[in-house]
Amino acid sequence: MIITYHGTQHVKLALGDLTIAYNPVSKAAGKVTKYGAHIALVSMNTPEYNGVSEATHGSKELFTVTGPGEYETQGVFIQGVGVETKTKSGMHINTIYTFNLDNMSICFLGSLSKKLTAREREVINDTDIVFVCEGSAVENLNIAELYQTAQSLSPKIIIPIGFSDTTLPLFLREAGTDTREYIEKLTIKRKDIETKNGEVIALMEV
């Protein structure tokens, strides 16, 4: 699996011929990265995250997931759990997505303004790779709380996305690493994560 980060909370996952777009950015929100995805996941209906049309390209047929529920397509079973998130424009439903890809369980937390409940953690536990997000238009949990939330899921890898040039170093420091070396893309297989325990990997925006 190859993971690339395109800014804001936009992440592209590629496994063989399958491509998944998480929170593609719409034209109304700024930077757009166009490529053909098979699956698009939208955590919140705001311009920063709902650029589904930008994930459509060529002849690929796009399957779009925009909220809580259970979905299956391309051999991928996706579960979406809705949590209320406070934004600058009011309350929104943020959807936490979990799915399995290449024998690795993946979780996108989306933008959180409150801690997860015990029930929510139970639904999304056994996570190998968790993407912890900071949203510019969201009244986010503080840096320590974001790290603690990601860590509470006992992941093997934590990937921060959506952080600013100011807050990402603070998150890395909270996680006990001061590295400023960001990876351009992450190529990873199941065997690569077996011995990891909450390792934080920061991706460069491409």
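Here, the structure is the one placed above.
Reading the values: the criteria
- Residues numbered from 1 in each chain as written.
- Predicted model: local features only at pLDDT ≥ 70, side-chain atom pairs only at ≥ 80, totals over all residues.
- Heavy atoms only, no water.
- Helix = DSSP H or I, 4+ residues; strand = E, 2+ residues; numbered from the N terminus.
- Contact = heavy atoms within 4.5 Å.
- Polar contact = N/O pair within 3.5 Å; in protein donor to acceptor, adjacent residues only side chain to side chain.
- Phe/Tyr/Trp six-rings, centres within 6.5 Å; stacked < 30°, edge-to-face > 60°.
- Buried < 20%, exposed > 50% of the residue type's maximum accessible area, 1.4 Å probe, protein only.
- Lys NZ or Arg CZ within 6 Å of the ring centre and 35° of its normal.

## Let's talk about the environment of Ser 111
- Among the structural elements, Ser 111 can be located in strand 9 (residues 104-111).
- Spatially, the C-alpha atom of Ser 111 lies 5.6 Å from that of Cys 133, the residues being 22 residues apart in sequence.
- Those residues in contact with Ser 111 that sit more than four places away from it in its chain are Gln 9, Met 44, Tyr 49, Thr 85, Asn 94, Cys 133, Gly 135 and Val 138.
- A distance of 2.9 Å separates the side chain of Ser 111 from the side chain of Gln 9, its partner in a polar contact.

## What about the packing of aromatic side chains?
- Under the definition given, this model contains 5 aromatic pairs.
- Aromatic pair Phe 99 and Phe 108: ring centres 6.3 Å apart, planes at 20°, arrangement stacked. Residue Phe 99 shares its accessibility class with Phe 108, and that shared class is buried.
- Ring plane angle 15° and centroid distance 4.2 Å describe the contact between Phe 108 and Phe 131, whose orientation is recorded as stacked. Here Phe 108, found in strand 9, pairs with Phe 131, found in strand 10 (residues 129-133); they are 23 residues apart in sequence, far enough to count as distant.
- The buried category is assigned to Phe 131, whose relative accessible area is 0%.
- Cluster of aromatic residues (ring-pair linked, three or more members): Tyr 22, Phe 99, Phe 108 and Phe 131.
- The aromatic ring of Tyr 35 is capped on one face by Lys 12, whose charged end is 4.7 Å from the ring centroid.

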